[in-house]
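Structural description and commentary
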Amino acid sequence: DAMVIQNPRYQVTQFGKPVTLSCSQTLNHNVMYWYQQKSSQAPKLLFHYYDKDFNNEADTPDNFQSRRPNTSFCFLDIRSPGLGDAAMYLCATSRDQFYEQYFGPGTRLTVT
Amino acid sequence: AQSVSQHNHHVILSEAASLELGCNYSYGGTVNLFWYVQYPGQHLQLLLKYFSGDPLVKGIKGFEAEFIKSKFSFNLRKPSVQWSDTAEYFCAVKTSYDKVIFGPGTSLSVIP
């Protein structure tokens, strides 16, 4: 089945230690998104790629970066995680920006 | 700035009760509308969507939603809920000029 895969499902990192979260898709969708979701809150868009074009949200901290080396893969890099960055990180894809999004299972990040 | 509101933060129903979850948005132009559901421990998935045409749309698992343009609303309904409908429900809106905006979510608990 075509799907959105996130690795790892659970990630523990130390305060200030860089961490990379991975997302891959078999849907061949043009758009890939990264969201941060904290407990009982709506997903908050961090940034998205439309093909190779990177679109950063104005309120996304510089601490968060992303790479999309090809259509299938997208990475979220947190350069110096703080305690406030502990959250579920969701990757999503869509065929185009106006279509529905398909979400991965998320990576739960813990910062110690 | 566009925004999405959901009327209830937490709803508790008995099985077989009828459900209506409210969603309102603030944008006067063309919109694409979505309801997503997040079951406990699972990833976000699309419940239904409205792009154009018949304002009454049917989704999976017996859910439906009605788009009322004059009221800027897209309420979710189900005539008879089941225990398995216990989940977090998110309304989302895509405008022509902005990203998808998620509402704050409504937590539904169905009591057997």
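Placed above this text is the structure.
Keep in mind that this is a model prediction, so the values were computed, not measured.

About the thresholds
- Residues numbered from 1 in each chain as written.
- Chains lettered and ligands numbered in written order.
- Predicted model: local features only at pLDDT ≥ 70, side-chain atom pairs only at ≥ 80, totals over all residues.
- Heavy atoms only, no water.
- Helix = DSSP H or I, 4+ residues; strand = E, 2+ residues; numbered from the N terminus.
- Buried < 20%, exposed > 50% of the residue type's maximum accessible area, 1.4 Å probe, protein only.
- Salt bridge = Lys/Arg side-chain N within 4 Å of Asp/Glu carboxyl O.
- Disulfide = S-S within 2.5 Å.
- Phe/Tyr/Trp six-rings, centres within 6.5 Å; stacked < 30°, edge-to-face > 60°.

With respect to the environment of Gly29(B)
Residue and element names in this part refer to chain B.
- Tracing the backbone shows Gly 29 in the loop between β4 (23-25) and β5 (31-38).
- Among the residues examined, Gly 29 registers a relative accessible area of 29% and is labelled partly exposed.
- The spacing of Gly 29 and Arg 77 is 48 residues in sequence and 24 Å in space, taken between C-alpha atoms.

Observations regarding the pattern of salt bridges
- Across all of its chains, the model carries 7 salt bridges over all chains by this definition.
- The partner of Asp59(A) in a salt bridge is Lys44(A), and the shortest N-O contact between them spans 3.6 Å. Of this pair, Asp59(A) sits in the loop between β6 (53-56) and β7 (64-67) while Lys44(A) sits in strand β5 (residues 44-50), and the two are 15 residues apart along the sequence.
- On the accessibility criterion, Asp59(A) (52% relative accessible area) is exposed.
- Residue class for Lys44(A) comes out partly exposed when judged on its relative accessible area of 31%.
- One network of salt bridges, with partners in common, ties together Lys58(B), Glu64(B), Glu66(B) and Arg77(B).

Details of the state of the cysteines
- A full pass over the atoms with the stated rule returns 2 disulfides over all chains.
- Each sulfur in the disulfide pair Cys23(A) and Cys91(A) lies 1.9 Å from the other. Residues Cys23(A) and Cys91(A) are joined through a disulfide that is left-handed, its torsion about the S-S bond being -75 degrees. Taken together, the residues Cys23(A) in strand β3 (residues 19-25) and Cys91(A) in strand β9 (residues 87-94) connect sequence positions 68 residues apart. For the pair Cys23(A) and Cys91(A), one class covers both residues: buried.
- Linked covalently through their sulfurs, Cys23(B) and Cys91(B) form a disulfide whose S-S length is 1.9 Å.

Focus: the packing of aromatic side chains
- The full count for this structure, using the stated rule, is 17 aromatic pairs over all chains.
- Between Tyr35(A) and Phe102(B), the ring centres sit 5.6 Å apart and the planes meet at 85 degrees, which makes this aromatic pair edge-to-face. Taken together, the positions of Tyr35(A) in strand β4 (residues 31-37) and Phe102(B) in strand β11 (residues 100-102) put the pair across two chains. The residues Tyr35(A) and Phe102(B) share a single accessibility class, namely buried.
- When the ring of Phe47(A) is compared with that of Phe54(A), the centres are 5.4 Å apart and the planes differ by 50 degrees; the resulting orientation is tilted.
- Residue Phe47(A) is classed as buried on the basis of its relative accessible area of 1%.

Scope: geometric values only; no functional claims are made or implied.
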